[in-house]
Amino acid sequence: MAWQGLTAEFLQVPAVTRAYTAACVLTTAAVQLELLSPFQLYFNPHLVFRKFQVWRLVTNFLFFGPLGFSFFFNMLFVFRYCRMLEEGSFRGRTADFVFMFLFGGVLMTLLGLLGSLFFLGQALTVMLVYVWSRRNPRVRVNFFGLLTFQAPFLPWALMGFSLLLGNSILVDLLGIAVGHIYYFLEDVFPNQPGGKRLLLTPSFLKLLLDAPQEDPNYLPLPEEQPGPLQQ
């Protein structure tokens, strides 16, 4: 019964959050069970473009290291802030949310080439946190019961936490930079004098992922209207 309850709860999670979280967990489980090796997952431009191992463009965003504190820490933030974005500012806009993932992933991959970064999942997590924090600037965040601050400081707190753990902050800085670029192009620049939206979600994504919108000028046939049918 407990397992059925967890399954039912998980199925209530929005589709993109559910799919990305499940992919991360399954990838880590496969590595833990030695079905896969991290060497098969990391981003390597030579192997991608010369050996055509194109799956590395995706799998480097799915592996957060072996099971341990770092993995569960990242999964907590992925699940929480991905879900809050999808249920909040992206509610009913699944295609736009997927496009944000694609935009962030492509930009991180290009910038990651400069820093020789092999796994970019943490950068994507920080990007999600950054976009959420800028769209919810007045929300106060309790950071593990230790600190309380306004939401826009959260990405920087995560970077400081990485520094305390002895990790490189380059990945966090990459996530913050890409998150800011997305936020500026999507939320700031269109509202400036002479500004416009530059990030336009492709139509095929909208057709594939978004529910079709009803035509406000559509008049239903008599048999489609509620109530008794008038002869």
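Residues numbered from 1 in each chain as written. Predicted model: local features only at pLDDT ≥ 70, side-chain atom pairs only at ≥ 80, totals over all residues. Heavy atoms only, no water.

Looking at an unreviewed UniProt entry, one finds the protein named Derlin and attributed to Leptonychotes weddellii. Of the comments in the UniProt record for the protein, the one headed Subcellular location (unreviewed entry) reads "Endoplasmic reticulum membrane". Listed under Function (unreviewed entry) in UniProt, the entry text for the protein is "Functional component of endoplasmic reticulum-associated degradation (ERAD) for misfolded lumenal proteins. May act by forming a channel that allows the retrotranslocation of misfolded proteins into the cytosol where they are ubiquitinated and degraded by the proteasome." (UniProt positions renumbered as here; feature names shortened; annotations may be inferred.)

(A) Structural context of empty space enclosed by the protein. Tallied over the entire structure, the rule returns one cavity of 30 Å³ or more. Here the largest cavity defines a volume of roughly 30 Å³. Taken together, Asp 96, Phe 99, Met 100, Tyr 182, Glu 186, Arg 197, Leu 199 and Thr 201 make up the lining of the largest cavity. Per-element tally for the lining of the largest cavity: the top contributor is helix α6 (residues 94-115), with three residues. Counted by class, the lining of the largest cavity contains four nonpolar, one polar and three charged residues. (1 Å grid on protein atoms, 1.4 Å probe; cavity = no way out; pocket = protein on both sides within 12 Å on 5 of 7 lines; lining within 4 Å. Points joined across faces, edges and corners; volume = space filled by probe spheres on them. Helix = DSSP H or I, 4+ residues; strand = E, 2+ residues; numbered from the N terminus. Nonpolar A, V, L, I, M, F, W, Y, C, P; charged D, E, K, R; others polar.)

(B) Geometry of the nonpolar core. Within the largest apolar cluster, 48 residues are counted, with the highest numbers of intra-cluster contacts made by Tyr 20, Met 100, Phe 101, Met 108 and Leu 154. Elements that contribute at least two residues to this core include exactly α2 (15-32), α5 (69-87), α6, α7 (121-135), β1 (140-143), α8 (154-164) and α9 (170-188). Broken down by element, this core gets its largest block of residues, nine residues, from α6. When sequence neighbours within four positions are dropped, the list of residues in contact with Met 108 reads Phe 61, Leu 120, Ala 123, Leu 124, Met 127, Leu 174, Gly 175 and Val 178. (Core = buried A, V, L, I, M, F, W, Y, C linked by side-chain atoms within 4.5 Å. Buried < 20%, exposed > 50% of the residue type's maximum accessible area, 1.4 Å probe, protein only. Contact = heavy atoms within 4.5 Å.)

(C) Broad picture of the pairing of strand β2 (residues 147-150). Two elements, β1 and β2, share four bridges in a ladder whose sense is antiparallel. Bridge pairing links Arg 140 to Gln 150 in β2. Joining the antiparallel neighbours β1 and β2 is a turn of three residues, in which Phe 144 adopts a positive phi near 55°. (Pairing = 2+ DSSP bridges.)

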